[in-house]
Amino acid sequence: MVKIIDIAVRIILYIIFFSGAGLLFGRYLPQLFKSSSRYKKGESSASDKSNGVFIIHIRQLLRLNMGRYSGSSIYFFIAVSAATFILSLFILLKLFGISLFSILVPALLGALPYAVLRIRLTSLQLEGSYEAEALIAELTNMYRINNLNMLAAIEASTASLSKSPHSKRSLFHLSLAIKNYRTTEELSHGVDDFVAGTGTEWARLLGINIIEAIVNGTDVSQALDDILSELKEIKSIIEKDRRANNEAFTLVKFIVPAVYILSVYGANKFFGFTLDKFFSYQFTTALGIKFFMAIIFLSAISFVAMFILKKPKFDY
């Protein structure tokens with residue numbers, strides 16, 4: 001018990017130290033990385049060429065999650081991930097010494113901010129995909145009403161899609177990209193962000209038609225009608241799969257917690273462990289702590305997978 005209290009105190013002190021350091025030096029990060037993080041209108045293509053694939057990917061991930069992007073946010077994200085890794089590595093090395101476990105767990109914890117953004121983006125894409133029918137129907141109507149003017153159609157659809165928040169936000173950012181683009185490449189970047197908002201095949205087809213209408217002035221109303229008709233055809237199939245998945249995962253979410261409870265019962269029944277002895281082994285020994293952390297990690301993966309898979313994405 002004394003060892004656990006000592007560890008808890010150390011963790012609190014480390015958190016206070018890194019929080020204080022962040023408050024003290026955080027304001028200097030934008031200036032420190034000013035030359036590499038400058039993000040101005042009309043310079044996005046040059047910025048993408050100068051940055052690596054990782055930076056571009058993280059930038060898009062932050063933009064899709066937060067709805068906006070500042071040049072310093074990516075470095076704050078990297079700093080948080082690095083601090084999480086270093087802090088957890090230091091603690092586990094103190095607890096267990098140098099081992100694969102002491103390196104693997106901090107690596108997983110360091111990747112946690114990225115995992116949280118990916119999970120949240122997947123959730124946003126999932127919810128946004130179910131707005132497909134309303135989005136395309138409204139965009140097609142506005143496209144015809146505004147005499148085949150795609151930008152005007154997007155702006156009008158943004159104002160009217162009050163019951164489709166994800167689509168409303170994506171169209172708003174797309175309209176800004178269309179207004180400010182100077183080259184076809186810049187327009188493609190804006191459309192790519194729109195498509196990534198749902199990560200679906202129907203969004204990719206819609207993006208292709210938007211570029212065609214904006215750049216070449218092509219009448220794409222028939223193509224939009226075809227996308228809408230295909231979505232209506234698959235709607236019943238997706239609803240059937242969704243009901244089947246809900247029934248299966250309702251059972252799974254009760255089984256996962258029950259496994260740990262049964263392990264306590266089994267230790268008491270078959271090995272003569274009392275509750276005090278079981279929890280003493282679980283939380284005061286190196287092996288017990290490792291085993292408990294593995295349970296938490298695997299349970300988290302199970303629940304995340306269940307959350308993602310129980311509702312299929314609305315797509316072809």
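Everything discussed here concerns the structure shown above.
The following paragraphs examine the structure supplied in this document. Note that the structure is a prediction, hence the values are computed from the model and not measured.

A short note on helix H12 (residues 184-196)
Here H12 is 13 residues long and its end C-alpha atoms lie 18 Å apart, about the 18 Å a rise of 1.5 Å per residue gives. Along H12, the residues that are buried comprise Glu186, Leu187, Gly190, Val191, Asp193, Phe194, Val195 and Ala196.

Overview of the packing of aromatic side chains
All told, the structure shown has one aromatic pair when counted by the stated rule. Here Tyr130 and Phe314 contribute two aromatic rings whose centre-to-centre distance is 5.5 Å and whose plane-to-plane angle is 50 degrees, an arrangement assigned as tilted. You can see Tyr130 sitting in the loop between helix H8 (112-129) and helix H9 (132-145) and its partner Phe314 sitting in the segment after helix H16 (286-309), a full 184 residues away along the chain. Using a relative accessible area of 22% as the deciding quantity, one classes Tyr130 as partly exposed.

Structural notes on the nonpolar core
Where a protein is soluble and globular, its nonpolar side chains tend to be buried together. Membership of the largest hydrophobic core comes to 30 residues, with the highest contact counts inside it found for Trp202 and Leu206. Elements represented by at least two residues in this core include exactly H9, helix H10 (150-160), helix H11 (165-180), H12, helix H13 (201-216) and helix H14 (221-271). Sequence-distant contacts of Trp202, defined by excluding residues within four places in its chain, comprise Gly128, Ser129, Ala132, Leu135, Ile136, Ile227, Leu231, Phe314, Asp315 and Tyr316. Listed in part, the eleven residues of the second largest apolar core include Ile58, Leu62, Phe77 and Leu121.

With respect to the pattern of salt bridges
One pass over the full model with this rule turns up four salt bridges. For Arg63, the salt bridge is made with Asp193, and the minimal N-O distance between the two is 2.8 Å. Highlighted residues: Arg63 in helix H5 (residues 53-66) and Asp193 in helix H12, separated in sequence by 130 residues. Glu155 is the salt-bridge partner of Lys179, the closest N and O atoms lying 2.7 Å from each other. In this pair, Lys179 is assigned in helix H11 and Glu155 in helix H10, connecting sequence segments 24 residues apart. Owing to a relative accessible area of 33%, Glu155 belongs among the partly exposed residues under this scheme.

Looking at the packing of H5 against H12
Where H5 contacts H12, the two axes come as close as 10 Å, and the packing angle between them is 60 degrees. Comparing the axis directions of H5 and H12 gives the class oblique. Relative to H12, the crossing made by H5 is right-handed. Across the interface between the two elements, Gln60, Arg63 and Leu64 of H5 pack against Asp192, Asp193 and Ala196 of H12. Per-class residue counts for the contact of H5 with H12 are two nonpolar, one polar and three charged.

Overview of the packing of H8 against H11
One way to put it is that H8 packs onto H11 with a least axis distance of 8 Å and a crossing angle of 105 degrees. With respect to H11, the axis of H8 lies roughly perpendicular. Judged by residue contacts, Leu124, Glu127 and Gly128 of H8 engage His166, Ser167 and Arg169 from H11. Considering only residue class, the contact of H8 with H11 consists of one nonpolar, three polar and two charged.

Structural notes on the environment of Phe90
Inspection of the secondary structure puts Phe90 in helix H6 (residues 73-96). By relative accessible area, which is 38% here, Phe90 ends up partly exposed. Note: C-alpha distance between Phe90 and Ser102 (twelve residues apart in sequence) is 8.8 Å.

Details of the side chain of Thr140
Position of Thr140 relative to the elements: it lies in helix H9. Judged by its relative accessible area of 2%, Thr140 is buried. Those residues in contact with Thr140, other than ones at most four positions away along the chain, are Ser221, Leu224 and Asp225.

Criteria and thresholds
Position numbers for residues start from 1 in each chain and track the written sequence from start to end. It should be noted that, the model being predicted, local features are given only for residues of pLDDT at least 70 and side-chain atom pairs only at 80 or more, the latter also being counted only at that level, while totals for whole chains, interfaces and linings use all residues. Heavy atoms throughout the structure, all of them, feed into the side-chain values; hydrogens and water do not. Where helices and strands are cited, they refer to DSSP runs of H or I of at least four residues and of E of at least two residues respectively, numbered from the N terminus. A helix is expected to span 1.5 Å for every residue after the first. Buried residues are those whose accessible area, probed at 1.4 Å on protein chains only, stays under 20% of the maximum for their type, while exposed residues exceed 50% and partly exposed ones sit between those limits. Aromatic pairing here means that ring centres of Phe, Tyr or Trp (its six-membered ring) are within 6.5 Å. Orientation follows from the plane angle: under 30 degrees is stacked, over 60 is edge-to-face, and everything else is tilted. Within this scheme, the nonpolar core is defined by two criteria: the residues are buried Ala, Val, Leu, Ile, Met, Phe, Trp, Tyr or Cys, and they are joined through side-chain atoms within 4.5 Å. Here, residues are in contact when the closest pair of their heavy atoms is within 4.5 Å. For this analysis, a salt bridge means a side-chain nitrogen from Lys or Arg found within 4 Å of a carboxyl oxygen belonging to Asp or Glu. Axis lines are fitted through C-alpha atoms, for helices just across the contact stretch, and the angle between N-to-C directions can take any value from 0 to 180 degrees. Here roughly perpendicular refers to angles of 65 to 115 degrees, roughly parallel to angles under 35, roughly antiparallel to angles over 145, and oblique to all remaining angles. Helix crossings are classified by the rotation of the near helix relative to the far one: an anticlockwise turn of less than a right angle makes the crossing left-handed, while a clockwise turn makes it right-handed. Polar here means any residue other than Ala, Val, Leu, Ile, Met, Phe, Trp, Tyr, Cys and Pro, which are nonpolar, and Asp, Glu, Lys and Arg, which are charged; Gly is therefore polar.

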